[in-house]
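Listed here are the chains, written in short residue letters.
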Amino acid sequence: MSVCNRLRVNLFKAVCSRKRIAATVLLCVVAVGFPIKVHEAAEVVTLPVRCLPTSQRIVALTYDDGPHPVYTPKLLRILRHYGVRATFFVIGERAQTWPDIVRQAAREGHVIANHTYTHRTDLESLSPSKITRELSRTQSVIGSLTGHRYDFFRPPKGFVNYNLAMTARANGYRIVLWSVSADHHEAKTPEQMAERVIERVRPGAIILMHDGKFAVRWRDVVATPLIIRALRKMGYRFVTVPELLDRLEANKKQRTR
Ligand SMILES: [Zn+2]
């Protein structure tokens, strides 16, 4: 049975057995985002995107939890030096606190995306109206600072359940997670973080890093050039998350032809 069909069956069983929490787990482990009918009488959920299935050596660098007054400008300098465009999943209230950094990142070609307004790690258990407010407040900050709004977001910690997936869908958002995390308790140094990425990277990967909130993020800054240089040597090219999503859509259209 293909991965997709297995997933459909599992989701069907999970929802039909009234254990929607099981659907939550499934939502978190699936790589490809596309609509799946989970129950003949129930809604259609869109699964989170973790990567782009492709044979092309492209990857997306993503940074969460910023902006940060020290680390984000340092990262911007590094990315400019290497000519790499990244995707920054910013926290709305931090973007409001440091608007110039967000403007600068957007001016330099980076994508500024939604990571909720207050970074509540229980986002998935909030009411749909509270979730919507977290997303729309951040969208409006990003829109006013950059002139761009994207129809995707990343929930804090990557926690997703049925409630969040349905609320995202109702508001026209896709959920974007990641397939490789540079940050891990076993990767204590920038070199170990880079090694972790190099070992796990695949074509179409979305790489998770952080620029915000904690002092320890200096490691992400130092790891970034190590990762860029190593992946380029492996033949990888860097794209933004919207570019990956566009390719995902194009692939879907080709499959359904
Ligand atoms: Zn976060």
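Cut-off values and rules
- Residues numbered from 1 in each chain as written.
- Predicted model: local features only at pLDDT ≥ 70, side-chain atom pairs only at ≥ 80, totals over all residues.
- Helix = DSSP H or I, 4+ residues; strand = E, 2+ residues; numbered from the N terminus.
- Buried ≥ 20, exposed ≤ 12 C-beta atoms within 10 Å, placed from the backbone.
- Contact = placed C-beta atoms within 7 Å.
- Expected span 1.5 Å × (residues − 1).
- Arc of directions from axis to C-beta.
- pLDDT = per-residue confidence, 0-100.
- Axes fitted to C-alpha atoms, helices over the stretch in contact; angles between N-to-C directions.
- Parallel < 35°, antiparallel > 145°, perpendicular 65-115°, else oblique.
- Nonpolar A, V, L, I, M, F, W, Y, C, P; charged D, E, K, R; others polar.
- Pairing = 2+ DSSP bridges.
- Left-handed = near helix turned anticlockwise from the far one by under 90°.

## Overview of the overall build of the chain
Each helix and strand counted, the chain has 10 helices and 10 strands in total. Taken over 257 residues, the chain has a buried fraction of 44%. For the chain, the share of sequence-separated contacts (at least 6 apart) that also reach a separation of at least 24 residues comes to 73%.

## Here's the deal with helix 3 (residues 71-82)
In this model, helix 3 (12 residues) spans 17 Å end to end at C-alpha, consistent with the 16 Å of a helix rising 1.5 Å per residue. Burial in helix 3 covers these residues: Tyr 71, Thr 72, Leu 75, Leu 76 and Leu 79. One side of helix 3 carries all its buried residues, which in axial view fall inside an arc of 135 degrees. Turned more than 90 degrees away from the buried face of helix 3 sit Arg 77 and His 81, all of them exposed. For helix 3, the elements touching its buried residues are strand 3 (58-64), helix 5 (99-107) and helix 9 (218-233). Gly 83 lies just past helix 3 and shows a positive phi near 65 degrees.

## Topic: helix 9
When the terminal C-alpha atoms of helix 9 are compared, their 24 Å separation across 16 residues agrees well with the 22 Å that a helix rising 1.5 Å per residue should span. Residues of helix 9 that are buried: Arg 219, Asp 220, Val 221, Ala 223, Thr 224, Ile 227, Ile 228 and Leu 231. Those residues of helix 9 that are buried lie in contact with strand 3, helix 3, helix 8 (190-200) and strand 9 (205-210). The first or second residue beyond helix 9 is Gly 235, which carries a positive phi of 95 degrees.

## Some remarks on the confidence of the model for the chain
Taken over all residues, the pLDDT of the chain has a mean of 86, while the share at 70 or more is 82%. For the stretch residues 1-41, pLDDT sits under 50, and the model shows 58 contacts to residues farther than four places along the chain or on other chains.

## Section: the packing of helix 3 against helix 9
When two helices pack together, their arrangement is given by the angle between their axes and by how far apart the axes lie. Close contact between helix 3 and helix 9 brings their axes to 9 Å; oriented N to C, the two are set at 10 degrees. Put simply, helix 3 runs roughly parallel to helix 9. Contacts from Tyr 71, Lys 74, Leu 75, Ile 78 and Tyr 82 in helix 3 reach Trp 218, Val 221, Thr 224, Pro 225 and Ile 228 in helix 9. Residues belonging to the contact of helix 3 with helix 9 are distributed by class as follows: 8 nonpolar, 1 polar and 1 charged.

## Regarding the pairing of strand 9
Here strand 9 lies mainly inside the structure; 6 of its 6 residues are buried. With 6 bridges joining them, strand 3 and strand 9 adopt parallel strand pairing. Paired with Ala 60 across the two strands is Ile 206, which belongs to strand 9. Sheet topology places strand 8 (residues 180-181) next to strand 9; 2 bridges connect them, and they run parallel. Bridged to Val 180 within strand 9 is Ile 207.

## Observations regarding the packing of helix 3 against helix 5
At a minimum axis distance of 10 Å, the contact between helix 3 and helix 5 shows a crossing angle of 15 degrees. What the angle tells us is that helix 3 and helix 5 run roughly parallel. In the packing of helix 3 onto helix 5, the handedness of the crossing is left-handed. Each of Thr 72, Pro 73 and Leu 76 in helix 3 lies in contact with helix 5, whose residues at this interface are Ile 101, Gln 104 and Ala 105. Classifying every residue of the contact of helix 3 with helix 5 gives 4 nonpolar, 2 polar and no charged.

## Section: the environment of Arg 120
Positionally, Arg 120 belongs in the loop between strand 5 (111-114) and helix 6 (128-146). Arg 120 sits in the partly exposed class, given 17 other C-beta atoms within 10 Å. Residues within four places of Arg 120 in sequence aside, it is in contact with Leu 126, Glu 134 and Pro 156.

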